[in-house]
Amino acid sequence: MNVNTMLKHGALLIAAATMVTACTSGIGGTGGTGGGAPAPGGATSASGTTADGSGAGGGDTGNGGGNGNGGGNGASAGSGSDSASASPSPDGTGGATAGDTPSAAPASTGGSGGGPGGGNASPARYDLIASPGNAECAYVPNGWGDGTDELTVFFYFLIIGGNPSDVPAGLSVTGVGNDSLTTTYHTSPNNQAVSPAQFRLRPEDFGTQQTIHIMVDAGQQVNETDETNNSIVVSVQVPSPRPVQTVDPLPCSVARA
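Residues numbered from 1 in each chain as written. Predicted model: local features only at pLDDT ≥ 70, side-chain atom pairs only at ≥ 80, totals over all residues. Heavy atoms only, no water.

1. Re the overall build of the chain
- From N to C terminus, the chain includes 1 helix and 9 strands.
- N-terminal to C-terminal, the α/β element order of the chain is α-β-β-β-β-β-β-β-β-β.
- Counting across all 257 residues of the chain, residues that qualify as buried make up 35%.
- Residue pairs in contact within the chain that sit at least 24 positions apart in sequence constitute 61% of those at least 6 positions apart. (Helix = DSSP H or I, 4+ residues; strand = E, 2+ residues; numbered from the N terminus. Buried < 20%, exposed > 50% of the residue type's maximum accessible area, 1.4 Å probe, protein only. Contact = heavy atoms within 4.5 Å.)

Laid out in structure tokens, this is it:
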């Protein structure tokens, strides 16, 4: 081999080495969606911000892209900061859990906003009260339209801090006594008039001592400032034998439940 041939081969070797160096330092970041296959230099691909090896895809020039960060600038956990660094996976594919490209999936624990908000519940402004004050009971024979005898508890369903029009119409009121003595109806609070809780009496109810729990806003439709004063308890002796005349008032005691 003469001198010219040796010089020619040496120049080709230098050029080839230069190309290899350029390739390993410039195109190591082929995984543009959060890390991909190892760069030709054997190191893990970098941040995934570019797919053509330009910019930040290859890490430090000349070292095969081994120093690139995998997390990029994307906020994968909803905090707006880098979420992960590029740690090679056991299979050598490497890359971070989320990159800067729109196609990168968000981290499973982060979501897109850092977690659920505080909900849509309106702030508590009003207080609904089942008042034991001035409550009364009454017995009405054949008081129901079908001829069933009726026991009625009259009590005040109050609203504090607002007007009846400020809360939904038709709030539920429930009453439960002994042995399936129950009632449910819908009404609105009224600070000027009593609310009648009416119960159907059966023949076996006469002569019994009834303990009746009455609750207003039983469906929890209103977010209240105080949820502890929605119930009263009524203690009443159903007369016996069955009266044929109205008994009003019927002696009873009413207290806060």
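On we go.
2. Looking at the packing of aromatic side chains
- With the rule as written, the count across this model stands at 1 aromatic pair.
- Arranged with centres 5.9 Å apart and planes meeting at 85°, the rings of Tyr 139 and Phe 206 form a pair that is edge-to-face. With a gap of 67 residues between them, Tyr 139 in strand E1 (residues 127-140) and Phe 206 in the loop between strand E5 (195-201) and strand E6 (209-216) connect regions that are remote in the sequence. Per residue, the accessibility class of Tyr 139 equals that of Phe 206, and both read buried. (Phe/Tyr/Trp six-rings, centres within 6.5 Å; stacked < 30°, edge-to-face > 60°.)

3. Some details on the sheet that holds strand E4 (residues 182-187)
- Sheet architecture is open: 5 strands sit in the order E4-E3-E6-E7-E9, paired in antiparallel fashion. Two strands close off the open sheet at either side, each with one partner strand: E4 and strand E9 (252-256). In this sheet, adjacent strand axes meet at a mean angle of 20° when their direction is disregarded.
- Sheet analysis places E6 next to strand E7 (residues 231-237), joined by 7 bridges and oriented antiparallel. Paired with Thr 211 across the bridge in E7 is Ser 235. (Pairing = 2+ DSSP bridges. Axes fitted to C-alpha atoms, helices over the stretch in contact; angles between N-to-C directions.)

4. Looking at the pattern of salt bridges
- By the definition in use, this model includes 4 salt bridges.
- A salt bridge links Arg 242 to Asp 149, with the nearest nitrogen and oxygen atoms 2.5 Å apart. With Arg 242 in the loop between E7 and strand E8 (247-250) and Asp 149 in strand E2 (residues 149-160), the pair connects residues that are 93 residues apart, well separated along the chain.
- Residue Arg 242 is classed as partly exposed on the basis of its relative accessible area, which comes to 36%.
- Here Arg 202 makes a salt bridge to Glu 204, at a shortest N to O gap of 3.6 Å.
- Overlapping salt bridges bring together Arg 202, Glu 204 and Asp 205 as one network. (Salt bridge = Lys/Arg side-chain N within 4 Å of Asp/Glu carboxyl O.)

5. Considering the sheet that holds E1
- Here 4 strands make up an open sheet; going across it, the order is E5-E2-E1-E8 and the pairing antiparallel. Strands with a single pairing partner mark the edges of an open sheet, and in this sheet they are E5 and E8. Averaged over neighbouring strand pairs, the angle between their axes works out to 30° when direction is ignored.
- The pairing of E2 with E5 spans 7 bridges and is classified as antiparallel. Paired with Val 153 across the strands is Ala 197, a residue of E5.

6. Concerning unusual backbone geometry
- Across the junction of Ser 240 and Pro 241, the peptide omega takes the value -5°, indicating a cis bond.
- You can see Pro 241 is positioned in the loop between E7 and E8.
- Going from Asp 248 to Pro 249, the amide bond is cis rather than trans, its omega being 5°.
- Structurally, Pro 249 is set in strand E8.
- With a phi close to 50°, Asp 217 is a non-glycine residue in the positive phi region.
- For Asp 217, a relative accessible area of 0% translates into the label buried.
- Of note, the phi angle at Gln 220 is positive, near 55°, even though the residue is not glycine.

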